[in-house]
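# Notes for the structure review
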Amino acid sequence: MLFGKYINKYYLRYALFFIIGIIALVTVDIAQLEVPELFGKLIDDIDKNTLTIETLTAIVKQMMVIILIMFVCRFAWRIALFGMATRLEADLRMRMFKKIETLGQDYFGENKTGAVMVLFTNDLQTIRSCFGQGTMMLIDALFLSVLTFYKMFVLNKIMAVVSLIPLLLIAFVGLFVSKFMHKKFKVRQEAFESLSDFTQENFSGISVIRAFVKEQSEVRRFSNINLNNEKANLNFIKLMIKMEVALSTAINVISLGIITSGALIIIGNPEGNFTIGNLTEYVSYFSTLIWPIMAISQLINMASQGYASLGRINKLFNEEPSVKSKENAVILDQVQGKIEFRNLSFTYPTLEHNILSNVSFSINPGEKIGIIGKTGSGKTTIVDLLLRMYNVEEGQLFIDDVDIMDLDVKHLRENITFVPQDNFLFGTKIKDNIAFGQDATMEEVERVSKMADIHKDIVDFTDGYDTILGERGVTVSGGQKQRISIARALLKKTPIIILDDAVSAVDTKTEDNILNNLKEHYQDATIIITAHRISTVQDLDKVLVIDEGQVVGYGTHDDLYTNNEVYKEMVDLQRLEAKIEGDLNGTN
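The structure reproduced in this document is the subject of the present report.

Rules used in this analysis
Residues numbered from 1 in each chain as written. Predicted model: local features only at pLDDT ≥ 70, side-chain atom pairs only at ≥ 80, totals over all residues. Heavy atoms only, no water. Pairing = 2+ DSSP bridges. Helix = DSSP H or I, 4+ residues; strand = E, 2+ residues; numbered from the N terminus. Axes fitted to C-alpha atoms, helices over the stretch in contact; angles between N-to-C directions. Buried < 20%, exposed > 50% of the residue type's maximum accessible area, 1.4 Å probe, protein only. Parallel < 35°, antiparallel > 145°, perpendicular 65-115°, else oblique. Left-handed = near helix turned anticlockwise from the far one by under 90°. Contact = heavy atoms within 4.5 Å. Nonpolar A, V, L, I, M, F, W, Y, C, P; charged D, E, K, R; others polar. Phe/Tyr/Trp six-rings, centres within 6.5 Å; stacked < 30°, edge-to-face > 60°. Salt bridge = Lys/Arg side-chain N within 4 Å of Asp/Glu carboxyl O. Expected span 1.5 Å × (residues − 1). Core = buried A, V, L, I, M, F, W, Y, C linked by side-chain atoms within 4.5 Å.

## Points about the sheet that holds strand E6 (residues 416–419)
With mixed pairing, 6 strands are arranged side by side in an open sheet as E6-E7-E8-E3-E9-E10. Where the open sheet ends on each side, the last strands, each with one partner, are E6 and strand E10 (550–555). Geometrically, the sheet is characterised by an average inter-axis angle of 15° between neighbouring strands, direction not taken into account. Direction of pairing for E6 relative to strand E7 (residues 496–500): parallel, over a ladder of 4 bridges.

## Let's talk about unusual backbone geometry
In this structure, Asn-328 takes a positive phi of about 60° despite not being glycine. Residue placement: Asn-328 occurs in the loop between helix H11 (276–318) and strand E1 (339–346). Even without being a glycine, Asp-400 presents a positive backbone phi close to 55°. Of note, Asp-400 is situated in the loop between strand E4 (397–399) and strand E5 (402–403). Residue Asp-400 is classed as buried on the basis of its relative accessible area of 14%.

## Quick look at the packing of helix H4 (residues 53–102) against helix H6 (residues 113–131)
Close contact between H4 and H6 brings their axes to 9 Å; oriented N to C, the two are set at 150°. Relative to H6, H4 is oriented roughly antiparallel. Crossing geometry of H4 relative to H6 is assigned as right-handed. Here H4 contributes Met-84, Ala-85, Thr-86, Leu-88, Glu-89, Leu-92, Arg-93, Met-96, Phe-97 and Ile-100 to the contact with H6, which in turn contributes Val-116, Leu-119, Phe-120, Leu-124, Gln-125, Ile-127, Arg-128 and Phe-131. A breakdown of the residues in the contact of H4 with H6 according to their chemical character gives 13 nonpolar, 2 polar and 3 charged.

## Regarding the packing of aromatic side chains
Within a pair of aromatic rings, the relevant descriptors are the distance that separates the centres and the angle that separates the planes. Enumeration according to the criterion identifies 13 aromatic pairs in this entry. A ring pair is formed by Phe-149 and Phe-153, whose centres lie 6.2 Å apart and whose planes are at 35°; its orientation type is tilted. Here Phe-153 and Phe-149 lie together in helix H7 (residues 133–155), a separation of 4 residues that amounts to about one turn. Classification of Phe-153 by relative accessible area gives partly exposed; the value is 31%. Look at Phe-346 and Tyr-390: their rings are 5.7 Å apart centre to centre, the planes differ by 55°, and that puts the pair in the tilted class. In this pair, Phe-346 is assigned in strand E1 and Tyr-390 in the loop between helix H12 (379–386) and E4, connecting sequence segments 44 residues apart. Residue Phe-346 is classed as buried on the basis of its relative accessible area, which comes to 6%. In textbook terms, an aromatic cluster arises when at least three aromatic residues are bridged by ring pairs, as seen for Tyr-10, Tyr-14 and Phe-17.

## Re the pattern of salt bridges
Evaluation of the coordinates by the stated rule reveals 18 salt bridges. Arg-342 is the partner of Glu-340 in a salt bridge, and the nearest nitrogen-oxygen pair spans 3.1 Å.

## Some remarks on helix H3 (residues 34–47)
The end-to-end C-alpha separation of H3 is 20 Å, in line with the 20 Å expected for 14 residues at 1.5 Å each. Residues of H3 that are buried include every one of Val-35, Pro-36, Leu-38, Gly-40, Leu-42, Asp-44 and Asp-45, and no others. Taken from the residues just after H3, Asn-49 is the one with a positive phi, measuring 60°.

## What about the sheet that holds E5?
As summarised here, the arrangement of the 4 strands in space is E2-E1-E4-E5, forming an open sheet in which the pairing is antiparallel. Bordering the open sheet on either side are strand E2 (356–363) and E5, each of which pairs with just one other strand. Taken together, the 2 bridges between E4 and E5 define a ladder with antiparallel strand orientation. In the strand pairing of E5, Phe-398 is matched with Asp-403. Sitting on the sheet, H12 touches E1, E2 and E4, and the angle it makes with E1 is about 115°.

## Let's talk about the nonpolar core
Ranked by size, the top nonpolar core spans 46 residues in total, and within it Leu-92, Met-96 and Phe-131 carry the most contacts. At the level of secondary structure, the elements contributing two or more residues to this core comprise helix H1 (9–13), helix H2 (15–32), H3, H4, H6, H7 and H11. Per element, the largest residue contribution to this core is 13 residues, and it comes from H4. When sequence neighbours within four positions are dropped, the list of residues in contact with Met-96 reads Leu-119, Phe-120, Leu-124, Ile-313, Leu-316 and Phe-317. If you look at the next biggest cluster of nonpolar residues, it comprises 43 residues, including Ala-489, Leu-490, Val-506 and Tyr-567.

In short, shape yes, function no, at least from these values alone.
Given below as structure tokens:
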């Protein structure tokens, strides 16, 4: 059993399961302690030659009743306690997932995917074990040990007290060892987290590894990380084994002492109250007491693991979303699509220098704007800020003349269609990827696919729109991934559409088809397209030129080419590249 800020409520929520489980478990404990007494009586009757058929029949009937009670109650407590633990695990996992969904980009920048996955697997399994198996161990350690010691005390007070002293010493040593167990388990979890991180990244980047012929190098790196994980596990297991072996040895020594002492008492006073049956009964009680004492050892070990896992989960729950709506945040009746940057400067939480510096420009509702600049100039950052992926200073970014920091975050994102650079696709059917999050008909899916110029490619697949995409869409080309992502975005009808370098992997003819479809079907929408190619933005209403985080030009293509040296140089270089490529193709 564990106690903490985020799990205490489960004791109340699942109180009925706890009560049923504990009552059934205590009933089993009481019932099983009747067995040694019956055996002791049977042995004494045999020893005194006073056993009758009636007595034997009565003992057998009592045993059958005890067996039936133990069978029913063991079934009941397992269903109650283990079922409760499984429900708790599922509920806690759902709460964790909901929490993860609220956290900002900075959290995922600081915590790798493998580390987060460990929370949802190993740590949650440990919590489940503490609530299910741990509760059982705790109840047995308390009730069975007390009831058993009482029975032993009634049989022989001196032997009971002498037996208790080393058992208490064992429990005290166990508490001391638990501190080391906690540290070892924490190291073990961190080692597994590193292993999980490395494996996840390698599987995701397997194509890059193969392209650079780094398979053997990665195998060596994995071997080192795996060895570190092995050492951490072995250190933990060695300490656990030492503790269990020491405990088992101590119990065996105590058992030998009990048998010897009992035998001497019987030999010294054959006619006394302590009989052979009593000694058999006493040894049986002590054998029964071994499990609660062993349970204490395991419970200490489990609790140390549980609190280590709970601490990691608590850390997740204690994370405050960096991006969240204010109280009484503004919800616009109808977003028009006006955007204004006012002297905006921004840096990412992990950096010290500005990514954007004194950026100022405005976009009127319905305008089609291109943003162009070198790699790392700040294009994607502008897009991220419009989506409120990060916070900005108040008074620097406005949507329809309302400060973006005052707008409700969910409402803002619901009114923006976004196609990111990485074109992430889920490993489901193509039609499900396009209809993601939308209640769309097949006709609507095909309509946006045609607008994204991907319909013909899809119908050429054997299974058409029912084609299953591999993980992250590995079964389709880069250009197809981009167009499927665009189709998915266009299904979401919003007043603001953002394409972040979303047509970089398609040819210029396909690019023209997509852009013309956007202009035709979304005339009233404000459209922002970031790009590297001049051809992508030159026919838009305006082009914003970004260089090293600063706006160095904003206007039409013709005006910029005439008056802006940075833009003119980019255009001339790309035209030269196209000419050289054309000449080479002509030569070939």
